[in-house]
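Structural overview
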Amino acid sequence: MSNIREEYKIQKSTIQESYDRQMILKLNKEYEQNVNDAYIAIVEYFKQLYPQIQIKTPKAREKSPKSIYGKIKNLQIERISKLFVLGEIQDTEKEELFELLKERVEERQELTNDVTKQIKQLLYENIEDININQFLENVVETRLSSSTKTALLRILKYKVEESNLKDKLIILQQLEKQYGETKALQTGIPEYNLLKNESIQRLKQDEEKRNELKDTQEFLRAKDLRGMEIIIDNIPEDFQTDNLILKKLVEQRNQETDNAKKQKYDKECMIELSKEFVDKLSENTNILNKMNADVIKYSKKHKNKTNGYIADHIKFYIKERKEQSFELQVKSVYVQELATGEGSAAHTKRPGKNRVLPAITYGINFIKELQYVLPKFSYIIEKNGVTTVRKCTLLENTMNFFQKQLNPETKEYEEVENIILQYENAENVMSQARD
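Here is a short report on the structure shown in this document. Please read these numbers as outputs of a predicted model, since none were measured by experiment. (Residues numbered from 1 in each chain as written. Predicted model: local features only at pLDDT ≥ 70, side-chain atom pairs only at ≥ 80, totals over all residues. Heavy atoms only, no water.)

Here we look at the overall build of the protein
Helices and strands together make up the secondary structure of the protein, namely 20 helices and nine strands. Computed over its C-alpha atoms, the radius of gyration of the protein comes to 24 Å, within 12% of the 22 Å expected for a compact globule of 435 residues. Taking the principal axes of its C-alpha atoms as reference, the protein extends roughly 70 × 70 × 45 Å. The 435 residues of the protein split such that 45% are buried. (Helix = DSSP H or I, 4+ residues; strand = E, 2+ residues; numbered from the N terminus. Rg over C-alpha atoms; globule rule 2.2 N^0.38 Å. Buried < 20%, exposed > 50% of the residue type's maximum accessible area, 1.4 Å probe, protein only.)

Take a look at the structure:
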């Protein structure tokens, strides 16, 4: 019997195995409690450091199953493309990489099959047989995601470096000028550094980093499965600080009479405060111990994007529980406005991130589809001097996520509300029966 079971055993793909593991991790109550305790410690530390500063009620988020699946695919593209440039890619991995990149192309309706063909040429054909300028124009200069472009540009650069092209030094200089650190420095916009050569150089010099690529399941684990954001709402005029940069910005803002310039300085104040808080948090051993957490190496990032998104991100893991990781984002209220609804930095404007409300039908299918796409939100609140974490209901999660699609004054909203309330009432009855 055991031989028959083995013979007909279905082999899970690497991505499916990672997805299953992370879905199980999502259900881990210890993980949830440990991270919630860390959130509380972070919020209390912020209020201790900056009692004058007003912040929005901090909101935490647990990734949806759909988001986890997409994240794993992105990480697999990153992992395999790095193996490619190290010269360690297997044929099966190359095939998988092509299929994943093909999916990314298909997410953009305006892209043609010609883009897919050119990506296949890059992966499988000699660089001497590829029109590099045409590839850059038709593939890289499109609305593909930046992570996809990074993978493709790294492979292109690697193949040029390994080639016998007569003008390869000129081509490499061109790539650096258009897509590397040179471009980022010239424009002052870090996101223009699509090649991210520093990451590849680190890989080549650090055996530990190379070994991480081979630990597939660890590499594919979403380090931001859980996350929280702190949104700075107001810095008062009488705010006092030892940070000379921030002090100068506050003075300039307070002295400015032109509203547009005053708001510009206000934004810069909040940006500087965000950086300062993340730096202090990551370096304060006492607070890290209170959080029962350590900083994930190389995870601290100051993001500055052309769409106006400027924020500080950092990731942590619970001590002795490396799989229990979470992210913190600190940003201004100005950036938050850009990142929601129709704002220029809205999550929904990224490739493959559009939010589609499931077809409204009564029954469990609608709920299942909803639960697949919905993140779970919580708020870190203070009541009677005690900071706690309050979970959102399914209806609150739905409204949080589908703000644009669901208006409380519409019949559509009423239908969704009724379906969810019927489901939750049925769940409560079943829970009471079990108890």
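Considering the pattern of salt bridges
If you walk through the whole model with that rule in mind, you get 28 salt bridges. Across the pair Glu44 and Lys290 runs a salt bridge, and its minimum N-O distance is 3.6 Å. On the criterion of sequence distance, the pair formed by Glu44 in helix H3 (residues 29-49) and Lys290 in helix H16 (residues 285-291) is long-range, its members being 246 residues apart. The partner of Arg390 in a salt bridge is Glu396, with the nearest N and O atoms 3.3 Å apart. Judged by relative accessible area, Glu396 falls into the partly exposed class, the value being 27%. Because the salt bridges share partners, they merge into one network encompassing Lys26, Glu62 and Arg226. (Salt bridge = Lys/Arg side-chain N within 4 Å of Asp/Glu carboxyl O.)

Here we look at the pairing of strand E3 (residues 226-234)
By the criterion of burial, E3 is predominantly enclosed, with seven of the nine residues buried. Summarising the sheet, strand E1 (residues 54-55) and E3 pair through two bridges and their orientation is antiparallel. Pairing of Ile55 across the sheet is with Ile232, part of E3. Here seven bridges tie E3 to strand E7 (residues 321-332), and the two strands are oriented parallel to one another. Bridge assignment links Met228 to a residue of E7, and that residue is Leu328. (Pairing = 2+ DSSP bridges.)

Here's the deal with empty space enclosed by the protein
Empty space among the atoms becomes visible once a probe the size of a water molecule is rolled across them. This structure, assessed with the given rule, holds two cavities of 30 Å³ or more. Considering only enclosed or pocket space, the largest cavity measures out at about 110 Å³ in volume. Lining the largest cavity, in full, are Val85, Arg154, Lys157, Tyr158, Glu161, Leu195, Asn197, Ile200, Gln201 and Lys204. Considered class by class, the residues forming the lining of the largest cavity number four nonpolar, two polar and four charged. (1 Å grid on protein atoms, 1.4 Å probe; cavity = no way out; pocket = protein on both sides within 12 Å on 5 of 7 lines; lining within 4 Å. Points joined across faces, edges and corners; volume = space filled by probe spheres on them. Nonpolar A, V, L, I, M, F, W, Y, C, P; charged D, E, K, R; others polar.)

Things to note about the environment of Leu152
The residue Leu152 is located in helix H8 (residues 146-161) in this model. The spacing of Leu152 and Ile200 is 48 residues in sequence and 14 Å in space, taken between C-alpha atoms. Beyond its immediate chain neighbours, meaning those up to four positions away, Leu152 contacts Leu101, Ile119, Leu122, Phe135, Val139 and Leu144. (Contact = heavy atoms within 4.5 Å.)

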